[in-house]
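Structural overview
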Amino acid sequence: MYTLPELPYAYEALEPTVSANTLHFHHDKHHAAYVTALNGLLNGDDKGSLEEVIKTAAPGKVFNNAAQAWNHAFFWGAMSPEKTAPGADLAAAIAEAFGDLASLKTAFVTEGVGHFASGWVWLVSEGGKLKVISTHDAATTVTQDGVTPLLVCDVWEHAYYLDHQNNRKGFLEAWFDTLANWTLADSQFAAAKGAGEAWRYPAPQ
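In this text the structure is predicted, and so the values were computed from the model without any measurement. Sequence order as written defines the numbering, with residues in each chain counted from 1. Given that the model is predicted, a residue must reach a pLDDT of at least 70 before its local features are reported, and side-chain atom pairs must reach 80 or more before they are shown or counted; all residues, however, enter totals for whole chains, interfaces and linings. The basis for every side-chain value is the complete set of non-hydrogen atoms in the structure, without hydrogens or water.

This part takes up the nonpolar core. In plain words, nonpolar cores are sets of buried Ala, Val, Leu, Ile, Met, Phe, Trp, Tyr and Cys residues tied together by side-chain atoms within 4.5 Å. Exposure is judged per residue with a 1.4 Å probe applied to protein chains only, and the accessible area is read against the type maximum: over 50% gives exposed, under 20% gives buried, and values in between give partly exposed. Core analysis: the largest hydrophobic core is formed by 60 residues, its most contacted members being Leu50, Phe108, Leu123, Trp175 and Trp182. Helix numbering and strand numbering both begin at the N terminus, where a helix is a DSSP run of H or I of at least 4 residues and a strand a DSSP run of E of at least 2. Take this core: its biggest share by element is nine residues, from helix α3 (residues 61-77). The contact rule is simple, with two residues in contact once any of their heavy atoms fall within 4.5 Å. Sequence-distant contacts of Trp182, defined by excluding residues within four places in its chain, comprise Thr84, Ala85, Pro86, Leu90, Ile94, Leu101, Leu104, Leu123, Leu151 and Phe176.

Here helix α8 (residues 182-192) has its buried residues at Trp182, Leu184, Ala185, Gln188, Phe189 and Ala191. The N-terminus of α8 is capped by Asn181, whose side-chain oxygen sits 3.1 Å from the backbone nitrogen of Thr183. Just downstream of α8 lies Gly194, where phi reads positive at about 95°. The term polar contact refers here to a pair of N or O atoms within 3.5 Å; inside protein, the definition further demands a hydrogen-donor-capable atom paired with an acceptor-capable atom, and it admits residues adjacent in sequence only when both atoms are side-chain atoms.

Moving on, we get to the sheet that holds strand β3 (residues 147-154). For two strands to be treated as a pair, DSSP must find no fewer than two bridges joining them. With antiparallel pairing, the three strands of this open sheet are ordered in space as β2-β1-β3. Of all strands in the sheet, those bounded by a partner on one side alone are β2 (129-136) and β3. Going across the sheet, the axis of each strand differs from the next one's by a mean of 25°, ignoring polarity. With seven bridges joining them, strand β1 (residues 119-126) and β3 adopt antiparallel strand pairing. The residue bridging Leu123 from the neighbouring strand is Leu151, located in β3. Lines fitted to C-alpha atoms define the axes here, with helix axes fitted over just the stretch in contact, and angles between the N-to-C directions of these axes take values from 0 to 180 degrees.

Only rings of Phe, Tyr and Trp enter the pairing, Trp through its six-membered ring, and a pair is recorded when the two centres are within 6.5 Å. The plane angle decides the type: under 30 degrees is stacked, over 60 is edge-to-face, the rest tilted. Throughout the structure, instances matching the rule amount to 13 aromatic pairs. Arranged with centres 6.1 Å apart and planes meeting at 75°, the rings of Phe75 and Trp120 form a pair that is edge-to-face. Pair noted here: Phe75 is in helix α3 and Trp120 is in strand β1, with a separation of 45 residues, a long-range link. Of the two residues, Phe75 and Trp120, neither departs from the other in class, the shared state being buried.

Any carboxyl oxygen of Asp or Glu within 4 Å of a side-chain nitrogen of Lys or Arg constitutes a salt bridge here. If you walk through the whole model with that rule in mind, you get five salt bridges. As a salt-bridge pair, Glu96 and Lys129 come within 2.5 Å of each other at their nearest N and O atoms. On the criterion of sequence distance, the pair formed by Glu96 in helix α4 (residues 88-98) and Lys129 in strand β2 is long-range, its members being 33 residues apart. Taking the relative accessible area as the measure of exposure, Glu96 reaches 57% and is therefore exposed. A residue is classified by how much of its surface remains accessible, and Lys129, at 44% relative accessible area, is partly exposed. Of the charged contacts in the structure, one is a salt bridge between Glu126 and Lys131, with a shortest N-O distance of 2.8 Å. Taking the relative accessible area as the measure of exposure, Glu126 reaches 31% and is therefore partly exposed. Judged by relative accessible area, which is 37%, Lys131 ranks as partly exposed.

What follows is the structure, given as structure tokens:
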């Protein structure tokens, strides 16, 4: 059985950008529903890691629920209540790809605002180079060979509507400035270059 990972911080820790009310609904209801549905669809079959389920599933309910479970778990880790900053290696890569952190923020927010309907906006490493991309609905970087996610922000409306209404741009700007977990991004960037392991969903129990 795949489990619902606990949040790595208190429900109120991300306020005011993300409220405790939003986290209770988003984590305890939305994310939990994907995990429950996935376990029901697999009916106790041992499918190995969630990453393998995602990579081998045909388009449909198993993929959608597995990918959404993974995306959400990575999203919780991509936020930190403590102010962080990119380490030296990542900062250099940001400067090379975008010019500076402010320009990366502009690219990240622009991608997220411009993404039509539901999905995710990502900072990724591909071939040692940084890119900002977005994916639709349950689509995930897990299926993209050679791509390592460093950060992700959820742009489904349930991620921000209770706190920011229809102001997706304001949410993304506040998220980037106050919650982006650059410590996770540093470790993911190192893993992309072969130093250490990239983040993985908790093993089934």
